[in-house]
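So the chains spell out like this:
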Amino acid sequence: MEPGQLSALLLAIAADPGEPGGDWQRELVPGEQVGRFRLLRRIGRGGFGVVYEARDEALQRSVALKSVRTGGRSALRQERLLLEAEAAARLSHPNIVTLFDVGRCEQGLYLVLELLRGESLADRVARGPLAPLDAVRVAGEVARGVAHAHAHGVIHRDLKPGNVFLCADGPVKVLDFGLAHAFGHPRPAGGTPAYMAPEQRSGAPEDERTDVFALGVILYQMLTGELPFGTDGSRPSRRRARPLEIAQTPALAELAERMLERDPVRRPRDGGEVAAALIGIQHELEGAAPSPSRPVRARRRWRLALASATASLATGVAVHWLWPPAPAPPPPAQRVALADVANETGEPELELSGLLRTVLEQSTWLDVLPRARLLDALRGRTAEGVARIDEGTGMEAARLCGVQALLVTRLLRFGDTYLMEVRAVDPATGERRFSFKEQERGKEGVPGLLDRVGEQVRLRLGEDPAAIRERTMPARAVTTSLGAWRHYASGMACFEERSFAGSFDACLADLRAATAIDPGFALAHLQISLLHFLQGTPRALQKAALEQAQRSPERIPPRDRLRMRGWAAFLDGREVEAKALLRDAAEGAPDDKYAWWLAGDVRYHRDEFAEALPFFRRVHALDPGWLDATQHLVQALGATADLEGIRGLAAELAALGPKPGALAALCYAELWVDPSRAVATCERARAAGAGEIGDQLLAIALLNRGEQDRLAAHLHGMSGRAGPRSFDWYMALWLLCQEGRWPEVLRRSAAAGDPEDSWFHSTLVEMIAGSGDLERGWREALRILELDRALLTNLAVHLAYLGDLRRAAEMASYLPPGSPRVEAYQAVVRWRNGDLTGAVELLRKVAAGAPQSADPAIPPPLYLLGEALAEAGRDAEAVDALRRFLALPVNYPTWFRPRGLYFLGRSLDRLGDREGARQALDTLLRLWVRASPEQPLLAEARALGARLGLR
């Protein structure tokens, strides 16, 4: 539909001197041609014409062609009606049938619509009432379509079951949106009066609540199979609707009664308010325990009042003081993006882009894209290095992200007056949707200025004023200081731009500066808690920062409160609850890659890889070049043995071209499926500008390839960028572990001191375990216990493997329930207690589901299976398991890899494959050429090598 096409047709009708209804005196028959449309069959009669299935021979698609019999024409001269008809023709929503075209042929006017297959709601209701959950689902989809129309100033005026279509493939579609009225049928004939609101019957002014009444009648009829007023609706009724009794959810009966109020003022304001209520009721019904189906009945009004009062009292008692429950929001109706605010005041503290975005994110009507999402889109499709989103780059990113409105803003100062200019632009067409200005005197009034700008934007994009009043938290409540906000924004930018395995020290410094200026800045305290976890600082510091945020929950924006609840549950050890809350937080922010990453990460570190995959796939779809997310996705795919999934991901990354982020992610994927190419790809990433990320990945690739001399030289070039516990410091220690140089490992780790860093001590435990120094390892474990006991999940398997079953049992309580690590621990305990057969069977089960743990330093199940089989004398099976283990890209190969080479060589020698055994031992002895004499298995390896003829 081109703009103005329908208006022009209606004006032509209005100017036609012919008699009303004089067109379409002859119905067409299948096989006839109407313009480019060939009629195939008649499929029904609509409210004001016959409907045919037709073939669009130009576009080669099936459509519905509907003849239009015009009624009286005087109304067509009303300007508002013309505008509304044009708007109705251009509505685009999954729950509204699409109008493709309008035209006029020799017989009369016609509309071309999408072809639907299924049945009308009228046909379905004729067979009897629907179950409450089905009725709510249908009504909810109708309400969402109606809400979309109401936001565009369009009223249907003829909602009824015959205008609701239940598609065979699932969706519910609303038909004839506003067009019957536009074509001169202000009062539909037939049974429609049963669905007409009182004001519609009396000729009083109509608005969105007219449609709400009609939808209320439809909902009542779906629930009961009857009309609400006990008549056929042909005559107005002054009686109130008969009340409902719905045992599963009283709220549904209350909503239906509100929708059927005779006084429009007492009804829900529009379709959006109805949709929001129905989504909450649907979630309640879906979460209810199964029970025998019971009919919906009319009930006495006193029971309704009593139930309402009781429910209100119960709700008031049950509300938690910190996070009151809220109904689920309706799906966002408008996707918007913000160009960075152009600050022309000369005052750097007035960089307001993030604060304005926070103000708008409170709306459930708007889907506000994170700034990182726009930058990711630009990095993926245009040039690298976009630092600022102006109108031009914003339009490009907004088109790529399917945005309906780009907000372009300027902040100016005239004396002590601050002025903000706002324009909303449609990225698809470049047309301006609206513009306005707001001003405020004095810098201290700028947060209030942003509040008013946010309200104006939400109003002009169609949000209900009542919802705005209900869901608006002033910008000045987020922080009392613009200086604090500036530090917060800088800290968050640091977080977004951090490198793989990088440090958060600089980000934390900015966030701490923000809370020093405004100690009640809850959002900054929450982010500090999250970064403390990623940095490995003690759990006490993580919880202390969270408690600071919890002291001012009213200063946390609504979309972040659920994330705070989930994070609190995680820190308290309530991991199942944390997973559910963080999942809901992610689903409520569909374009926030960090919300999805956090929801996946808590599953990933419980070794729940299959559960984590959908979250990481979503993150990767939002930002294919974010290496942290790609690493998690690849690791989870590998841990579930989905190498084909990694190959598909690698092909997708390769198609992105020579961009640093994409090449770095490709390098990581190739470590799993094409290690021979990984080193070259990492070098390409470095040459393309991947910087520190490229250096780190090249180090991993060289370590995996066993190129230790080249790796040592590469690490020497990297040294000096950061102090102890930097990435290259850790990588150098892993190389020393693999080379069996334990005295140097212990010396370097001791020189680092005793930092309050739980990740440091956890990694050290795993390194020291390979040396056999159990006492030193135990001291490190006790240090972890002081800092963050959640990281003790690795130690039980280590200690059991090294034979210290007493201490292993003490650490077993820290294993994540249901994790593969639990079964791995149980298998190793059986092994050390002499039950090799039972150990092998359990390890085979673990290795089949998760051949590699999320943490590469934990004994991989495939390695444990291979050594256990070798010890049991089942050498052929051992060779198969160990070869599969050695093919795994263990990203920081530890002391397990050289031990795997030893047991592989020993089993091959037992099987008579001396050449294979010689190759395995040669690789091992080259790796251990500088190993300390205390290196476990060194003497046995040298003896076996000598017997095989190796020097």
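Cut-off values and rules
Residues numbered from 1 in each chain as written. Predicted model: local features only at pLDDT ≥ 70, side-chain atom pairs only at ≥ 80, totals over all residues. Heavy atoms only, no water. Disulfide = S-S within 2.5 Å. Helix = DSSP H or I, 4+ residues; strand = E, 2+ residues; numbered from the N terminus. Buried < 20%, exposed > 50% of the residue type's maximum accessible area, 1.4 Å probe, protein only. Pairing = 2+ DSSP bridges. Phe/Tyr/Trp six-rings, centres within 6.5 Å; stacked < 30°, edge-to-face > 60°. Lys NZ or Arg CZ within 6 Å of the ring centre and 35° of its normal. Axes fitted to C-alpha atoms, helices over the stretch in contact; angles between N-to-C directions. Parallel < 35°, antiparallel > 145°, perpendicular 65-115°, else oblique. Left-handed = near helix turned anticlockwise from the far one by under 90°. Contact = heavy atoms within 4.5 Å. Nonpolar A, V, L, I, M, F, W, Y, C, P; charged D, E, K, R; others polar. Salt bridge = Lys/Arg side-chain N within 4 Å of Asp/Glu carboxyl O.

Asker: So what's going on with the state of the cysteines? Which residues, and what values?
Answerer: Scanning the model with the defined rule gives one disulfide in all. In this model, Cys-667 is linked to Cys-682 through a disulfide, with the two sulfur atoms separated by 1.7 Å. Of this pair, Cys-667 sits in helix α27 (residues 660-673) while Cys-682 sits in helix α28 (residues 675-687), and the two are 15 residues apart along the sequence. For Cys-667, a relative accessible area of 0% gives the class buried.

Asker: Give a description of the pairing of strand β3 (residues 49-56) that names residues and reports values.
Answerer: Among the eight residues in β3, seven count as buried, and that is most of the element. As defined by bridge partners, β3 adjoins strand β4 (residues 61-68) across six bridges and the pair is classed as antiparallel. Paired with Glu-53 across the bridge in β4 is Ala-64. Following β3, the chain reverses through four residues before pairing antiparallel with β4; Gln-60 in that reversal takes a positive phi of roughly 55 degrees.

Asker: Describe the packing of aromatic side chains, naming the residues involved and giving the relevant values.
Answerer: Evaluation of the coordinates by the stated rule reveals 18 aromatic pairs. Taken together, a centroid distance of 6.3 Å and an interplanar angle of 75 degrees make the contact between Phe-37 and Tyr-110 edge-to-face. With Phe-37 in strand β2 (residues 37-46) and Tyr-110 in strand β6 (residues 109-114), the pair connects residues that are 73 residues apart, well separated along the chain. Of the two residues, Phe-37 and Tyr-110, both sit in the buried class. By way of ring pairs, the aromatic residues Tyr-801, Trp-831, Tyr-863, Phe-885 and Phe-896 are connected into one cluster. Taking NZ or CZ as reference, Arg-618 lies 5.8 Å from the ring centre of Trp-596, over its face. Across the ring face of Tyr-801, the terminal group of Arg-832 is positioned such that the distance to the ring centre comes to 5.2 Å.

Asker: Give a detailed account of the packing of α27 against helix α29 (residues 691-705), specifying residues and quantitative values.
Answerer: Interaxial distance between α27 and α29 falls to 10 Å at its minimum, and their mutual angle equals 15 degrees. Put simply, α27 runs roughly parallel to α29. Crossing geometry of α27 relative to α29 is assigned as left-handed. Counting all contacts with α27, which are made through Ala-664, Cys-667, Tyr-668 and Leu-671, the residues of α29 involved are Ile-693, Leu-697, Ile-700, Ala-701 and Asn-704. Its residues placed into classes, the contact of α27 with α29 shows eight nonpolar, one polar and no charged.

Asker: An account of the pairing of strand β5 (residues 99-104) is requested, with residue identities and associated values reported.
Answerer: The sheet contact formed by β5 and β6 spans five bridges and is antiparallel. Bridge pairing in β6 links Val-102 to Leu-111. Adjacent in sequence and paired antiparallel, β5 and β6 are bridged by four residues, among which Gly-108 carries a positive phi angle near 155 degrees.

Asker: I'd love a proper account of the pattern of salt bridges, names of residues and values included.
Answerer: Taken as a whole and assessed by the stated rule, the structure comprises 59 salt bridges. With a closest N to O distance of 3.3 Å, Glu-53 and Arg-117 form a salt bridge. A residue pair is termed long-range when its members are at least 10 positions apart, and Glu-53 in strand β3 and Arg-117 in the loop between β6 and β7 (118-120) qualify at 64 residues. Look at Arg-117 and you get partly exposed, because its relative accessible area is 45%. Close ionic contact of Arg-874 with Glu-841 constitutes a salt bridge, the shortest N to O distance being 4.0 Å. Here Glu-841 lies in helix α38 (residues 836-849) and Arg-874 lies in the loop between α39 (861-871) and α40 (875-887), a separation of 33 residues in the sequence. When salt bridges that share partners are traced, they join Glu-739, Arg-741, Glu-744, Arg-747, Arg-748 and Arg-930 into one network.

Asker: Just give me the short version of the environment of Ala-621, but keep the residues and values in it.
Answerer: Counting through the fold element by element, Ala-621 comes out in helix α24 (residues 609-622). Look at Ala-621 and you get exposed, because its relative accessible area is 51%. Taking the C-alpha atoms as reference points, Ala-621 and Asp-591, separated by 30 residues in sequence, lie 9.8 Å from one another.

Asker: Any details on the environment of Leu-219? Residues and values, ideally.
Answerer: Mapped onto the fold, Leu-219 is located in helix α7 (residues 208-224). Put simply, Leu-219 and Ala-139 are 80 residues apart on the chain and 6.3 Å apart in space, counted from C-alpha to C-alpha. Beyond its immediate sequence surroundings of up to four residues, Leu-219 is in contact with Ala-135, Ala-139, Leu-252, Ala-256 and Met-259.

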